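# Fold and contact review
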Amino acid sequence: MADKKAPVLTDAIKSYDGIFKGMYDDNLREKFLNIRRLLAEGQLKNAQTLLEESLSKSGEHPSDRSTLKLLKCELDRYVTFHITNNGEIVKDVNWTEVSTRKLERLTEKHWALPQSVFFLTFNIGPSKYRLVGRKILSDLWIQNRIPEIHCSFVSAGMILGVFSDQRITETFVNVFYHPLTNGEKLSVMKDITNHKIENVELVFPFSLLRESTRKELCSPSEGWVVDDAFDVMLGCGEERIRAYTIKFLKTLNTQKLVLFDPACSTGVFLSTLKKTFPESFTIGQDLSKQMVGFSKTRVDEVHCGNAMEPKISPASADVVFIRFLNSEVVTSAEAEQLIGALLPTVKKGGYMVIFGHTPVLLSSANFSLIENFVVKHCIGIADDKSGIFQYYSLQRQ
């Protein structure tokens, strides 16, 4: 059951570009909050009705109207594509037959939600497959727990079909695919989460651009502003990732780990690991002074500074967590520069782990070119096996 008292908006978010959605107008903001409360209570039809009403009264507010129109499309998409994990599963997908089905097309504007289009690649025996998918409203957003309409989690209903082709224009990303049935989608996800499919990777190939400049959207150079509500929301968005990280660290068979997070946010991630691994030593660093202020009570050692200049000694960390090489945080070019600056901090035999709230801007192709590092994993799996998320682990040789 969703917590009806959970914060749904935060004053820390001043811009509603990208996956963060809210209203500038006070009256529309109140309606938006009510829409979210209705969704959290399971009143889908009432939420849709109120959304339509809000749209009809948004004419004087073009930015809010644009957001409401997008939310209507996203809610309609959720109704169409969301499937439950207890649906009927196809035992074996006939990939040859799937390839004969009539093509369908997915189209996204460069400044809408292209960053939510993904490729899901894997091997079955000697055969390689590439599926196309598109995120739908996050279950955490529906539950009124985070401000981002999409999160890191990918479930079966987000899979569309087998990739055929793509075409990029000045305005649109177009991807063509042979559609899968719901039973086939559930079958693929079940095989992935039960480790029956090999070399699985989620890749998000298309960057979100600003319409005015056609440049990648990223966070402010001085870092994010934080308030108590935003602190709680950031923690909610990482629950599955934190649980998987604890499992990963247990495979290292030692409690005495030096854990470094060069963009530690409010410190919740590292503090959660510390509770499970009390003999570990956690080191945080963040560009935002406010983030550092939140982290001081949660992390053993914390620094304020740009991740391009890590505050720890070379080869001193057992695990370096990189949670910011992501869409709407940095640009793709910056992502490559940042990972290069952080590689020296990893001990021989240690790991660099890469994930985030929004899509990782790099892929295993980028990581495979890094000397003296080997890509060990590309995805994480939810505890209940209901879906997956990007989770790259690279080991230093």
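Rules used in this analysis
Residues numbered from 1 in each chain as written. Predicted model: local features only at pLDDT ≥ 70, side-chain atom pairs only at ≥ 80, totals over all residues. Heavy atoms only, no water. Helix = DSSP H or I, 4+ residues; strand = E, 2+ residues; numbered from the N terminus. Rg over C-alpha atoms; globule rule 2.2 N^0.38 Å. Buried < 20%, exposed > 50% of the residue type's maximum accessible area, 1.4 Å probe, protein only. Contact = heavy atoms within 4.5 Å. Areas by Shrake-Rupley, 256 points an atom, 1.4 Å probe, with all protein chains shown as cover. Lys, Arg positive; Asp, Glu negative; His and termini not counted. Charge placed at Lys NZ, Arg CZ, Asp CG, Glu CD. Phe/Tyr/Trp six-rings, centres within 6.5 Å; stacked < 30°, edge-to-face > 60°. Lys NZ or Arg CZ within 6 Å of the ring centre and 35° of its normal. UniProt positions renumbered as here; feature names shortened; annotations may be inferred. Axes fitted to C-alpha atoms, helices over the stretch in contact; angles between N-to-C directions. Parallel < 35°, antiparallel > 145°, perpendicular 65-115°, else oblique. Left-handed = near helix turned anticlockwise from the far one by under 90°. Nonpolar A, V, L, I, M, F, W, Y, C, P; charged D, E, K, R; others polar. Pairing = 2+ DSSP bridges.

Across its full length, the protein holds 12 helices and 14 strands. Taking 21 Å as the expected radius of gyration for a compact globule of 397 residues, we find that the protein reaches 21 Å, a close match to that expectation. The buried share among the 397 residues of the protein stands at 56%. For the protein, the share of sequence-separated contacts (at least 6 apart) that also reach a separation of at least 24 residues comes to 71%. Carbon and sulfur atoms make up 49% of the accessible area of the protein, which totals about 18000 Å². The protein carries 48 positive and 47 negative side-chain charges, and their two centres are separated by 3 Å.

Turning our eyes to something else, we now look at the packing of aromatic side chains. Remark: the centre distance and the inter-plane angle together describe each pair of aromatic rings, the angle taken between the planes. All chains considered together, the criterion is met by 16 aromatic pairs. Relative to Phe355, the ring of Phe269 lies with its centre 5.4 Å away and its plane at 50 degrees, an arrangement referred to as tilted. Note that Phe269 is positioned in helix H9 (residues 268–276) and Phe355 in the loop between strand S12 (346–354) and helix H12 (364–367), a separation of 86 residues in sequence. The burial state of Phe269 is the same as that of Phe355; both residues are buried. Among the aromatic residues, ring-to-ring pairing joins Tyr244, Phe248, Phe269, Phe321, Tyr351, Phe355, Phe389 and Tyr391 into one connected group. In this structure, Arg130 is placed above the aromatic ring of Phe119, and the distance from its NZ or CZ to the ring centre is 4.7 Å. Positioned above the aromatic ring of Phe153, the side-chain terminus of Arg240 is 3.8 Å from the ring centre.

Next up on the list: the UniProt feature "domain: Methyltransferase" (unreviewed entry) in the protein. Per the UniProt record, "domain: Methyltransferase" (unreviewed entry) is found at residues 261–350. The span residues 261–350 is 30% helical and 24% strand by assignment, and the distance between its end C-alpha atoms comes to 14 Å.

With that out of the way, let us pick up unusual backbone geometry. The phi torsion at Ser265 lies on the positive side, around 55 degrees, for a residue other than glycine. With respect to the element layout, Ser265 can be found in the loop between strand S8 (258–261) and H9. Even without being glycine, Lys385 reaches a positive phi, approximately 60 degrees. Inspection of the secondary structure puts Lys385 in the loop between strand S13 (373–381) and strand S14 (387–396).

It is worth spelling out the packing of helix H2 (residues 44–56) against helix H3 (residues 62–81) at this point. Between H2 and H3, the least distance of the axes is 10 Å, while the angle of their chain directions is 155 degrees. By the angle between their axes, H2 is roughly antiparallel relative to H3. As for how H2 packs across H3, the hand of that crossing is left-handed. Counting all contacts with H2, which are made through Leu44, Gln48, Leu51, Glu52, Ser54 and Leu55, the residues of H3 involved are Arg65, Leu68, Lys69, Leu71, Lys72, Leu75, Asp76 and Val79. Of the residues that constitute the contact of H2 with H3, the class distribution is 7 nonpolar, 2 polar and 5 charged.

A word on the environment of Val258. Of note, Val258 is situated in strand S8. Spatially, the C-alpha atoms of Val258 and Arg29 are 44 Å apart, while their sequence positions differ by 229 residues. Not counting residues within four places of it along the chain, the set of residues in contact with Val258 comprises Phe281, Ile283, Ser316, Ala317, Asp318 and Val319.

Let us now look at the sheet that holds strand S2 (residues 117–124). Reading across the sheet, the 6 strands line up as S1-S6-S5-S3-S2-S7 and stay open at both edges, with antiparallel pairing between neighbours. Two strands lie at the open edges of the sheet, namely strand S1 (104–109) and strand S7 (198–203), each paired on one side alone. Neighbour to neighbour, the strand axes of the sheet diverge by 35 degrees on average, direction disregarded. In the packing of helix H6 (residues 182–193) onto the sheet, contacts are made with S2, strand S3 (127–134), strand S5 (159–168) and S7, and the angle to S5 comes to roughly 100 degrees.

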